[in-house]
Amino acid sequence: MAKFLVKGGRLLEGEIEINGSKNAALPVLASSLLFKEKIEIENLPNIEDTKRMKELIGKLGADGKIDYEIAKKFRASILPVGGVIARFGKAAFPHPGGCVIGERPIDVFLDGWKAMGAKTELSEGAPTGYVIAAPEGLSGADYTFKIPSVTGTEALMMTAVLAKGTTILRNAVLEPEIKYLADFLNANGAKISGAGTATIKIEGRSGKLLEYGAPFTAPPDRIEAGSFAIMGALLGKNLRIKNFVAEELPTFLALLSNVGAEYVLEDNVLIFKDAHKKTLRASNVTTKEFPGFPTDLQAPFTILLTQAEGQSLVHETVFEGRLNYIQDLNKMGSRITLCDPHRAIIYGPAKLSGRAMASPDIRAGLAFIIAGLIAEGESAIENIYQIDRGYERIDERLRNIGADIKRI
Ligand code: EPU
């Protein structure tokens, strides 16, 4: 099994470009089901999750069956279900897999499809699966999310595009990925308004498929952007991060300034001149839906806080299993008290030493790389499939800016 060997102590210098966004590209890939013909995506990140999505869609037939083995590998496997039900009137799929960061139910999806006229049953046998059917077709509905969900909003939006009549989705999330998907679908004939606000209106096409006309260009990945910025704040010496879209990380940047990291933004290039010399201050962080602090940056930011002077509180409000990596971090020398599944207190600064660990999920895996880069000695990070799910050739790209990281 491949692993990363990371040696600490090197400063990061030069230029790194942010790749196409995973979480913007995945729903657009899934939306290909709403089209008569092939769609084109530019700047698609070549990562394990986009490969899995392509495999999943490639295996789909008119029977609406989603491949169980593939779907178990990533949460976003639920995204194509939205189009499958709308197109074929039925879908069979397993409970989606993916990062082990909490319970991750799918009730809001099922409630939404039910509101549009579909019936769900649990399929027999293991693993747990669902069979959804809408023999009389799907009709637009006025649906309010009891919990705002990113992929839930995306999946229901896709179903509504082919349903009959108008759908209104209320308490929808405001994440930029929603607007990217809506803009792409609208450029190809859909009628969606309000994406990026809490109320989205979709005029359904009564089963009429979209006709492809305009390609999608994946925007820069805002989570990769934030992660590189954290590396810059810790180790940057004339480090330039290209394609940085500040509007997509407002709270993150406010907190980065609050901890005392020094950066300048020049025409979408985020520059860390002598950041490694700065003393960082403790700060409290609460994860929230957009425009709040993204849960996907919580683990990398915690690594930054281990180097800040004083006591920081990290409050993870989105997922209940997303502080699981802290035990490993403490074995590296951090001083973090886990209060409960949602809150951790970090006492800094702490000297970290390299050690062996396994990547628990995409984002904590990247956080371990950052920890390895600032630690004394060598860290070995296993289970790097998790990291490769979200970051393309991360080892090579970090080596280009001076990091000592090897894939063996
Ligand atoms: N939730 C429910 N019921 C549902 C759906 C969600 O209770 O039916 C809960 C979840 O358990 C969670 C909260 O609602 O507590 C929010 O979850 P959400 O559904 O918004 O998350 P998601 O759509 O499964 C996407 C990203 C995640 C990111 C979250 C939050 C994609 C493919 N995934 O997941 O990204 O953390 O939104 O921003 O877009 C990652 O990229 O590493 C990743 C985990």
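Refer to the structure presented above.
Reading the values: the criteria
- Residues numbered from 1 in each chain as written.
- Predicted model: local features only at pLDDT ≥ 70, side-chain atom pairs only at ≥ 80, totals over all residues.
- Heavy atoms only, no water.
- Axes fitted to C-alpha atoms, helices over the stretch in contact; angles between N-to-C directions.
- Helix = DSSP H or I, 4+ residues; strand = E, 2+ residues; numbered from the N terminus.
- Parallel < 35°, antiparallel > 145°, perpendicular 65-115°, else oblique.
- Left-handed = near helix turned anticlockwise from the far one by under 90°.
- Contact = heavy atoms within 4.5 Å.
- Nonpolar A, V, L, I, M, F, W, Y, C, P; charged D, E, K, R; others polar.
- Near = heavy atom within 4 Å.
- Polar contact = N/O pair within 3.5 Å; in protein donor to acceptor, adjacent residues only side chain to side chain.
- Areas by Shrake-Rupley, 256 points an atom, 1.4 Å probe, with all protein chains shown as cover.
- 1 Å grid on protein atoms, 1.4 Å probe; cavity = no way out; pocket = protein on both sides within 12 Å on 5 of 7 lines; lining within 4 Å.
- Sits in = over half its atoms within 2 Å of the grid points.
- Core = buried A, V, L, I, M, F, W, Y, C linked by side-chain atoms within 4.5 Å.
- Buried < 20%, exposed > 50% of the residue type's maximum accessible area, 1.4 Å probe, protein only.
- Pairing = 2+ DSSP bridges.
- Points joined across faces, edges and corners; volume = space filled by probe spheres on them.

Some points on the packing of helix H4 (residues 79-88) against helix H6 (residues 150-162)
Running from amino to carboxyl end, H4 crosses H6 at an angle of 20 degrees, the nearest separation of the two axes being 8 Å. Put simply, H4 runs roughly parallel to H6. Seen along the crossing, H4 lies across H6 with a hand that is right-handed. In this structure, H4 contributes Leu79, Gly82, Ala86 and Arg87 to the contact, and H6 contributes Thr151, Glu154, Ala155, Met158, Thr159 and Leu162. Broken down by class, the residue content of the contact of H4 with H6 amounts to five nonpolar, three polar and two charged.

Quick look at the site of the ligand
In the vicinity of the ligand there are 22 residues, among which Asp107, Thr151, Asp296, Val318 and Arg363 approach most closely. Asn23 has a polar side-chain atom sitting 3.1 Å from an oxygen atom of the ligand. In the complex, 91% of the free accessible area of the ligand, which totals 830 Å², lies under the protein chains. With respect to the pocket detection grid, the ligand is positioned in the largest pocket.

What to know about the nonpolar core
Core analysis: the biggest nonpolar cluster contains 69 residues, and Ile241, Phe244, Phe252, Leu256, Phe301, Ile369 and Leu398 have the highest contact counts within it. If you tally residues by element for this core, the top one is helix H12 (residues 362-374), at 10 residues. Leave out the neighbours within four places in its chain, and Ile241 touches Ile16, Ile18, Phe228, Ala229, Asn268, Val269, Leu270 and Phe272. Counting residues in hydrophobic clusters, the runner-up holds 66 residues, among them Val161, Ala172, Phe184 and Ala195.

Regarding the sheet that holds strand S4 (residues 90-94)
Sheet strands line up and pair through hydrogen bonds in the backbone, either parallel or antiparallel. Taken together, the three strands give an open sheet; going across it, the order is S4-S6-S5, and neighbouring strands pair in antiparallel fashion. If you trace the sheet from one side to the other, it starts and ends with S4 and strand S5 (119-122), each paired once. Direction aside, the axes of adjacent strands within the sheet are offset by 20 degrees on average. Here S5 pairs with strand S6 (residues 129-133) via four bridges, running antiparallel. In the strand pairing of S6, Glu121 is matched with Val131. Docked against the sheet, helix H5 (residues 107-115) engages S4, S5 and S6, running at close to 15 degrees with respect to S6.

Overview of the packing of H5 against H6
Viewed as axis vectors pointing N to C, H5 and H6 meet at an angle of 20 degrees, and their least axial separation amounts to 9 Å. Our classification of the angle between H5 and H6 gives roughly parallel. Relative to H6, H5 is oriented so that their crossing is right-handed. Only Thr151, Gly152, Ala155, Leu156 and Thr159 of H6 make contact with H5, whose side of the interface consists of Val108, Phe109, Gly112 and Trp113. Partitioned by chemical class, the residues of the contact of H5 with H6 number five nonpolar, four polar and no charged.

As for the layout of surface pockets
Taken as a whole, the largest pocket holds about 1,000 Å³ of empty space. Lining the largest pocket are 44 residues; nearest its centre among them are Arg104, Val150, Thr151, Val318 and Phe319. Residue assignment for the lining of the largest pocket shows that the elements contributing at least two residues are helix H1 (22-30), H5, H6, helix H8 (222-235) and H12. When residues in the lining of the largest pocket are grouped by element, the largest group, four residues, is from H1. Counted by class, the lining of the largest pocket contains 19 nonpolar, seven polar and 18 charged residues. Taken as a whole, the second largest pocket encloses approximately 310 Å³ of empty space. What lines the second largest pocket is a set of 20 residues, among which Leu234, Leu235, His276, Gln307 and Ile374 lie closest to the centre. The element contributing the most residues to the lining of the second largest pocket is H8, with three residues. Taken together, the residues that form the lining of the second largest pocket break down as 12 nonpolar, five polar and three charged.

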